[in-house]
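# Summary of structural features
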Amino acid sequence: MSSKRVKISFGTVNEGKITVISKSSIAETNNRVKAAMKDVVRTYEKKESRSQQEAALLVLNA
Amino acid sequence: MGVAEIYVITTKFSIFVINSEIVRMLTNIEIEITPVEELIDALKEKIGEYFLQDATDDFISPYIETDLANLVDELRDDLYCLIEYPYVDKVYRDSYYNYYSSKHFAYKRDCIRVSLFSGEISHLEFFDLQKHSELDAKFLGYFVIRPTINALFGRSIISPKAFETNHFQICSCKTDCLIYGVKLGVEGFPHSSQDGETIKCAETTIWALMEYFGNKYAEYKPALPAKIHAALERFSYQRQLPSNGLTMDQISFALKEFGFGTSIYSKGAYGNELYNIIDSYVESGIPVIVGLQSADIGHVIIAVGKKFDPKVDWSQVDQSKIEIDGKEIDYYETTNIPAKYIVQDDNHAPYREIELTNPGEHYDDPDCQGYEIDSIVVPLYPKIYLESFVAKQLVLNVIQDSNVGYKFQDGFVFRFFLTSSRSFKAHITKQSEMEPALKNSILLSKMPKFIWVGEFYVKGSFATENMIAESIVILDATEANQESIDALIFAGYPDRCISMNDNNFVTLHQVFQNYRYYSNLK
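About the cut-offs
Residues numbered from 1 in each chain as written. Chains lettered and ligands numbered in written order. Predicted model: local features only at pLDDT ≥ 70, side-chain atom pairs only at ≥ 80, totals over all residues. Helix = DSSP H or I, 4+ residues; strand = E, 2+ residues; numbered from the N terminus. Rg over C-alpha atoms; globule rule 2.2 N^0.38 Å. Buried ≥ 20, exposed ≤ 12 C-beta atoms within 10 Å, placed from the backbone. Contact = placed C-beta atoms within 7 Å. Axes fitted to C-alpha atoms, helices over the stretch in contact; angles between N-to-C directions. Parallel < 35°, antiparallel > 145°, perpendicular 65-115°, else oblique. Left-handed = near helix turned anticlockwise from the far one by under 90°. Nonpolar A, V, L, I, M, F, W, Y, C, P; charged D, E, K, R; others polar. Domains from an automatic or database assignment. Pairing = 2+ DSSP bridges. Expected span 1.5 Å × (residues − 1). Arc of directions from axis to C-beta. Core = buried A, V, L, I, M, F, W, Y, C linked by C-beta atoms within 7 Å. pLDDT = per-residue confidence, 0-100.

Moving on, we come to the overall build of chain A. Tallying secondary structure elements over chain A gives 2 helices and 2 strands in all. Start at the N end of chain A and walk to the C end: the helices and strands fall as α-β-α-β. Taking 11 Å as the expected radius of gyration for a compact globule of 62 residues, we find that chain A reaches 25 Å, considerably beyond that expectation. Reported as C-alpha extents along the three principal axes, the dimensions of chain A are approximately 75 × 40 × 10 Å. Expressed as a percentage of the 62 residues in chain A, the buried residues total 21%.

Structure, rendered in structure tokens:
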């Protein structure tokens, strides 16, 4: 009797239809993103700490 | 107007003599069914009879009628109401046992509950099993009247469908209520007015939020006022009752104690970007606690939804700029599209519409009219490590990249939200026109509990019915490394898709198409 099992995975669904992006390309992307995000993260950290200080000053009793 | 269709089912008092004083105790429940047009008269009678026992109608302050009208006037005209007394309300009872019962003045411990139905109902329908599903369909929620005369409205959960104005979408939770022995369900966002003594706006906001999350997710539990005060005890340097209100960071602290990973954003730090942050969280289906400040007063409300304008006037929408492939192009962020937001304000009826730039628009008091948004607290799942401000920039950096991005044309529309991967995958399965291979690629991608999703639209296709996105980018919201593309899970573009396979980023030779707008609001 033939098996009725069916295997579905990312690999079987996309077999032969994928191309691995080279490690060097990803490294290049990561370097670019890292440089761009550095300022964003630094700005966020400053804003996060300022937000907390300001939230402590707002008294809610209306 | 025809004859009043009011049914009073039963009432019975027992008289007890304790220490020579006559104590009248209600031993049965009284039910009254009335059309909404007679609700205020019926409630005035009940308030007079139960809460102001020795007063006649003449003694009932006109403020009570005004107070009742603030809510009742907002309701649809065709509603029928079922009034019951005595009703044991868990929130008021908690305040009663922890505060009101300790006062010299005698407060009642029972409340009145008013249930709302779309269309006429009869008490006989409650006894007929065949009619129960019909009653359930008609049931639109309830509100509670407290015996605290200066702050009558207690907790409520009312479907937006009960209101005259209801063309908006909100974060909603479902809850079951036992009305006249029948279990009926309603979807809405919890609301309560403050009583001014045990709960002010800050505590009411925490209560409403916990009620919402507690009803919706197993991870959270509703919190009664005493539990809220207990959570804040080690953050308090003076007595907690009567309440003097809280600060915005105390709200954040309490929510953290109740299991959230909160984020605070202030106007001083973020400027007008704060409005965009509020929008993206509301679009994500996350209620946002919004702190307001005028010259002399601080107040807090919850942004729970949004009113969508079906037609977008793009000339009114600020454009943003992005550099793609060495060329600077303009694009639109949906957070910049002018919109009204739906808020729960404990000084007003539920679901008020406001503009974020004018949150005091419903107030008569000039001080309150001057409210401006000062800061917000966002109650997030504690393992969401990638927050909105950074995540949005990361998505924009992904699309700019030559390896994992796409050359978008000038004038594209960008929408950004947080969602659970479960809900998102459920949405994918409902995309009837999407290619099975593309569906599989998304459904079989391993995703964390929460993801950030950027949707990209061609301007012409945005704001049409059931609009189709051109592209999406999905980020891992639990990724704390914010300076790399480690958070990228999937990107779908008109020419290809990007995904992960065996720890490698791969290009899928399939185009992204037939994906429709996703919403966490109802």
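Looking only at helices and strands, chain B features 13 helices and 28 strands. In summary, chain B has a C-alpha radius of gyration of 26 Å against a globular reference of 24 Å for 522 residues, a match within 12%. In terms of principal-axis extent, the alpha carbons of chain B reach across some 90 × 55 × 45 Å. Counting every position in chain B, which comprises 522 residues, the buried fraction comes to 46%. Across chain B, the fraction of contacts at a sequence separation of at least 24, relative to all contacts at a separation of at least 6, is 67%.

The subject of this paragraph is the packing of helix 1 (residues 39-51) of chain B against helix 2 (residues 62-72) of chain B. Residues and elements named next belong to chain B. Relative to each other, helix 1 and helix 2 sit at 135 degrees, their axes nearing to 10 Å. Considering the angle they form, helix 1 stands oblique to helix 2. As helix 1 packs across helix 2, the resulting crossing turns out to be right-handed. From helix 1, Leu39, Ile40, Leu43, Lys44 and Ile47 reach across to helix 2, where they touch Ile64, Glu65, Leu68, Ala69 and Val72. Residues of the contact of helix 1 with helix 2, tallied by class, amount to 8 nonpolar, no polar and 2 charged.

One can read the domain layout of chain B as domain 1 (7-188), domain 2 (245-380) and domain 3 (388-516). Each of domain 1 of chain B and domain 3 of chain B has a C-alpha centre, and the two are 48 Å apart.

Okay, the interface of chain A and chain B next. Counting residues at the interface gives 36 residues for chain A and 50 residues for chain B. Going through the elements one at a time, helix 1 (10-13), strand 1 (18-20), helix 2 (23-55) and strand 2 (59-60) of chain A are the ones with two or more residues in the side of chain A that touches chain B. Counting residues per element, the side of chain A that touches chain B draws most heavily on helix 2 of chain A, which supplies 20 residues. Class assignment for the residues of the side of chain A that touches chain B results in 18 nonpolar, 10 polar and 8 charged. Across 3 bridges, the pairing between strand 1 of chain A and strand 27 (residues 504-508) of chain B is antiparallel.

This part is about the pairing of strand 20 (residues 372-380) of chain B. Residue and element names in this part refer to chain B. In terms of burial, strand 20 is a largely internal element, 8 of the 9 residues being buried. In terms of strand pairing, strand 13 (residues 261-266) meets strand 20 through 6 bridges, oriented antiparallel. Within strand 20, the residue paired with Ser263 across the bridge is Val378. Where strand 14 (residues 288-293) and strand 20 come together, 5 bridges link them in antiparallel fashion. Counted as the bridge partner of Leu292 is Ile373 from strand 20.

Once that is clear, we can look at helix 1 of chain B. All names here are of chain B. Between its first and last C-alpha atoms helix 1 spans 17 Å; for 13 residues at 1.5 Å apiece the expected length is 18 Å, and the two agree. Those residues of helix 1 lying buried are Leu39, Ala42, Leu43, Ile47 and Phe51. Across the axial projection of helix 1, the buried residues extend over an arc of 135 degrees, all falling on one side. Looking at the buried positions of helix 1, the neighbouring elements they touch are strand 4 (30-35), helix 2, strand 5 (79-87) and strand 7 (139-145).

Residue and element names in this part refer to chain B. Of the consecutive residues Tyr85 and Pro86, the connecting peptide bond is found in the cis state with omega at 0 degrees. One can find Pro86 in strand 5. A cis geometry characterises the amide bond from Leu241 onward to Pro242, with omega recorded as -5 degrees. Locating Pro242 in the fold gives a position in the loop between helix 6 (225-231) and strand 12 (246-247). At Asn514, a position not held by glycine, the phi torsion is positive, near 60 degrees. Along the polypeptide, Asn514 turns up in the loop between strand 27 and strand 28 (515-516).

As a further point, take the nonpolar core. Membership of the largest hydrophobic core comes to 162 residues, with the highest contact counts inside it found for B:Ile278, B:Val288, B:Val290 and B:Leu475. Once residues within four sequence positions are removed from consideration, B:Val288 is found in contact with B:Ile278, B:Tyr281, B:Val282, B:Ile302, B:Ala303, B:Ile376 and B:Val378.

So, on to the pairing of strand 5 of chain B. Along any regular strand, the residues point their side chains to alternate faces of the sheet. Residues and elements named next belong to chain B. Pairing of strand 4 with strand 5 involves 6 bridges; the strand directions are antiparallel. Within strand 5, the position partnered with Ile33 by the bridge is Leu82. Sheet topology note: the strand 5/strand 6 (residues 111-118) ladder contains 7 bridges and is antiparallel. Among the inter-strand pairings, Ile83 is bridged to a residue of strand 6, identified as Val114.

Attention shifts here to the environment of B:Glu479. Residues and elements named next belong to chain B. Secondary-structure assignment places Glu479 in the loop between strand 24 (471-476) and strand 25 (488-492). Residue class for Glu479 comes out buried when judged on the 20 C-beta atoms lying within 10 Å of it. Along the backbone, Glu479 and Tyr385 are 94 residues apart, and their C-alpha atoms lie at a distance of 6.0 Å. Those residues in contact with Glu479 that lie beyond four places of it in its chain are Tyr385, Leu386, Asp486 and Ala487.

Before going further, it helps to spend a moment on the sheet that holds strand 24 of chain B. The strand order across the open sheet formed by 9 strands is 1(A)-27(B)-26(B)-25(B)-24(B)-22(B)-21(B)-17(B)-16(B), and the pairing between neighbours is mixed. The open sheet has two edge strands with one neighbour each: strand 1 of chain A together with strand 16 (319-324) of chain B. For this sheet the average axis-to-axis angle between neighbouring strands, irrespective of direction, equals 30 degrees. Inspection of the sheet shows strand 21 (residues 412-420) of chain B paired to strand 22 (residues 450-457) of chain B by 8 bridges, in the antiparallel sense.

Per-residue pLDDT for chain B averages 92, and the proportion of residues at 70 or more is 93%. Here residues 15-21 of chain B is modelled with pLDDT under 50, and outside its nearest four sequence neighbours on either side it reaches 6 contacts, counting other chains as well.

Here we come to helix 11 (residues 388-400) of chain B. The end-to-end C-alpha distance of helix 11 of chain B, which contains 13 residues, comes to 19 Å, matching closely the 18 Å that a straight helix rising 1.5 Å per residue would cover. The element helix 11 of chain B is largely enclosed, with a buried count of 12 among its 13 residues.

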